[in-house]
Amino acid sequence: MDESSSSQSIMEDRISDLPDSLIHMILSFIDIKYAVQTSVLSKRWQYIWRSLTMLNLDVSQLSGRSRTGAFTKFISFVYKVFLFRDDHRIQRFQLNFRQDSIDSSHIDTWIDKAVKHNVEELCIKNETMDEFSIFSHSLCTCKSLTKLELELSFGFIFGSEIASTPVILPKLKSMNLQFRYLSPDNVKLANVLFTKCPALESLVLDIRICRTTNLRISVPTLKHFSLSLTSGSYLGPNKVTLCAPNLSSFICFSNLLDDYCLESLSSLVTADVRINIGQDDKVNKTEIREAKKVSYAQSIMKLMIRLHKEKVLSLTNDFKVWQPLLLI
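Residues numbered from 1 in each chain as written. Predicted model: local features only at pLDDT ≥ 70, side-chain atom pairs only at ≥ 80, totals over all residues. Heavy atoms only, no water.

Q: How should the overall build of the protein chain be read in this particular structure?
A: Secondary structure assignment for the protein chain yields nine helices and 16 strands. Residues counted as buried form 45% of the 328 residues belonging to the protein chain. If you sum the accessible surface of the protein chain, you get close to 17,100 Å²; carbon and sulfur atoms cover 54% of it. (Helix = DSSP H or I, 4+ residues; strand = E, 2+ residues; numbered from the N terminus. Buried < 20%, exposed > 50% of the residue type's maximum accessible area, 1.4 Å probe, protein only. Areas by Shrake-Rupley, 256 points an atom, 1.4 Å probe, with all protein chains shown as cover.)

This is the structure in structure tokens:
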């Protein structure tokens, strides 16, 4: 190979020769701010960001002395992203504002715009204390959403749209909800939400703090359910009712001092029960306080009776792991 051929090989832009779908995939791993900046690379890249199928908006990356000014510019930037976007669908829309407060009207507007672009996956992460709700009418009636992930702090409220909308998210198949705090009113609306998702197959609930209340999951289409109630973090015992005739796998991480009512689990194949011993209930790292031993034993036996029809049962606690029990 001569010198000119070698130089041409080195200067060859192979990335730009990739199809848009692969470039979209590459850009999906970075924040939208950096994805937009690739428009200066060449004419080939000038408008690619306008049709990105995955939008990742991360407010937590803002830093520096002029953080307030940068935050204002970020809000304006997001609006411009939607303004100049073409008609391509949005496969995944992710918003992370763990350390900053965003006016709920901005969040509602961005979600509405994502819905208009037939968003399929929505992921919201918020650890601020401000009160807000994402369940606007447009989201509740979104016909394209198949996956919903929420990681929310104390200020979240479900909103009245859930109660007034006949069917919510008709194509939603997967829901992952993580709450630092779930109020009694939110629990009531959550119970309604579950019944109005006719295609839901996978539900993951992680609740850190929950006041005494009744959580009811009644979903005929549900196949996989995971529930985590962190020990010692909720006020008083909860009643958890599960009615899912097509459920095949059940995961429960709890101290089991709650009241579990398991109904219509005729299709259940595997159950993974992870017993979390509360810190106040331990003598040390390997022993439960004498006064609590009977309560834990009764709770375990009560749950075992209700799970007697599954084929494989796995029991785990803070101290050791029991091998899966084959109950065929």
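This is not the end of the story, as more comes after the structure.
Q: What am I meant to see in a nonpolar patch on the surface here?
A: A cluster of nonpolar side chains, namely Leu 22, Met 25, Phe 29, Ile 30 and Tyr 34, defines an oily patch on the protein surface of about 510 Å² accessible area. Examined against the element boundaries, Ile 30 turns out to sit in the loop between helix H2 (20–27) and helix H3 (32–37). (Patch = residues over 30% accessible without salt bridge, like charges linked within 9 Å, V, L, I, M, F, W, Y side chains within 5 Å. Salt bridge = Lys/Arg side-chain N within 4 Å of Asp/Glu carboxyl O.)

Q: Would you mind showing me how to read the side chain of Ser 136 here?
A: You can see Ser 136 is positioned in the loop between strand S3 (121–125) and helix H6 (137–140). If sequence neighbours within four positions are ignored, Ser 136 has contacts with Asp 112 and Glu 161. (Contact = heavy atoms within 4.5 Å.)

Q: Any chance you could explain the pairing of strand S9 (residues 239–243) here in plain terms?
A: Sheet faces and side chains relate simply in a regular strand, where the side chains alternate between the two faces. Most of S9 is tucked away, with four of its five residues classed as buried. Of the strand pairs in this sheet, strand S7 (residues 214–218) and S9 are connected by five bridges, and their pairing is parallel. In the strand pairing of S9, Leu 215 is matched with Val 240. Taken together, the five bridges between S9 and strand S11 (residues 259–263) define a ladder with parallel strand orientation. By the bridge assignment, Lys 239 is partnered in S11 with Asp 259. (Pairing = 2+ DSSP bridges.)

Q: Just to check I follow, could you spell out the sheet that holds S11 for this structure?
A: Whether parallel or antiparallel, the strands of a sheet pair through hydrogen bonds between backbone atoms. Read from one edge to the other, the open sheet built from three strands follows the order S7-S9-S11, with strand pairing classed as parallel. Since the sheet does not close on itself, it has two edges, and those belong to S7 and S11, each with one partner. Averaged over all pairs of adjacent strands, the angle between strand axes in this sheet comes to 10°, irrespective of strand direction. (Axes fitted to C-alpha atoms, helices over the stretch in contact; angles between N-to-C directions.)

Q: Whenever I open this one, the side chain of Arg 85 confuses me. Can you help?
A: By the element assignment, Arg 85 lies in the loop between helix H4 (67–83) and strand S2 (92–96). Buried charge without a salt bridge: Arg 85, with Asp 86 as the nearest opposite-charge side chain at an N-O distance of 4.9 Å. A distance of 3.1 Å separates a polar atom in the side chain of Arg 85 from the backbone oxygen of Arg 89. Aside from chain neighbours lying at most four places away, what touches Arg 85 is Trp 49, Arg 50, Ser 51, Leu 52, Thr 53, Leu 55, Ile 90 and His 117. (Lys, Arg positive; Asp, Glu negative; His and termini not counted. Polar contact = N/O pair within 3.5 Å; in protein donor to acceptor, adjacent residues only side chain to side chain.)

Q: I keep staring at the pairing of strand S6 (residues 202–210) and nothing clicks. Help me out?
A: In this structure, strand S5 (residues 174–182) lies alongside S6, joined through eight bridges in parallel fashion. From the neighbouring strand, Gln 178 faces S6, where its bridge partner is Asp 206.

Q: Before we go on, may I ask you to explain the packing of aromatic side chains in this structure?
A: Each aromatic ring pair is specified by the distance between its two centres and by the angle formed by the two planes. Throughout the structure, instances matching the rule amount to five aromatic pairs. Here a set of aromatic residues connected by ring pairs shows up, and it is made of Phe 135, Phe 158 and Phe 179. (Phe/Tyr/Trp six-rings, centres within 6.5 Å; stacked < 30°, edge-to-face > 60°.)

Q: What should I look at first to understand unusual backbone geometry in this one?
A: Trans peptide bonds make up most of the peptide bonds, and negative phi angles are found at most residues other than glycine. The phi dihedral of Asn 118 falls on the positive side, at around 55°, and the residue is not glycine. Despite not being glycine, Ser 264 has its phi angle at roughly 50°, a positive value. Along the polypeptide, Ser 264 turns up in the loop between S11 and strand S12 (270–275).

Q: I would appreciate a short explanation of the pattern of salt bridges in the present structure.
A: Pairing is possible between side chains that carry opposite charge, provided their charged atoms lie close to one another. Under the counting rule described, the total for this entry stands at seven salt bridges. Of the charged contacts, one joins Glu 121 and Arg 92 as a salt bridge, the two residues approaching to 3.1 Å between their closest N and O atoms. Here Arg 92 lies in strand S2 and Glu 121 lies in strand S3, a separation of 29 residues in the sequence. Of the charged contacts, one joins Glu 149 and Arg 92 as a salt bridge, the two residues approaching to 3.3 Å between their closest N and O atoms. Linking Glu 149 in strand S4 (residues 147–152) with Arg 92 in strand S2, this pair joins segments that are 57 residues apart in sequence.

Q: Looking at this structure, I do not really get the nonpolar core. What am I missing?
A: Note on soluble globular proteins: their nonpolar side chains tend to be buried together. Grouped together as the largest cluster of nonpolar side chains are 89 residues, with contacts concentrated most on Phe 135 and Ile 217. With six residues, H4 is the single largest residue contributor to this core. Setting aside residues no more than four positions away along its own chain, Ile 217 makes contact with Phe 194, Leu 203, Leu 205, Leu 222, Phe 225, Val 240, Thr 241, Leu 242 and Cys 243. (Core = buried A, V, L, I, M, F, W, Y, C linked by side-chain atoms within 4.5 Å.)

Nothing here speaks to function; it is geometry throughout.
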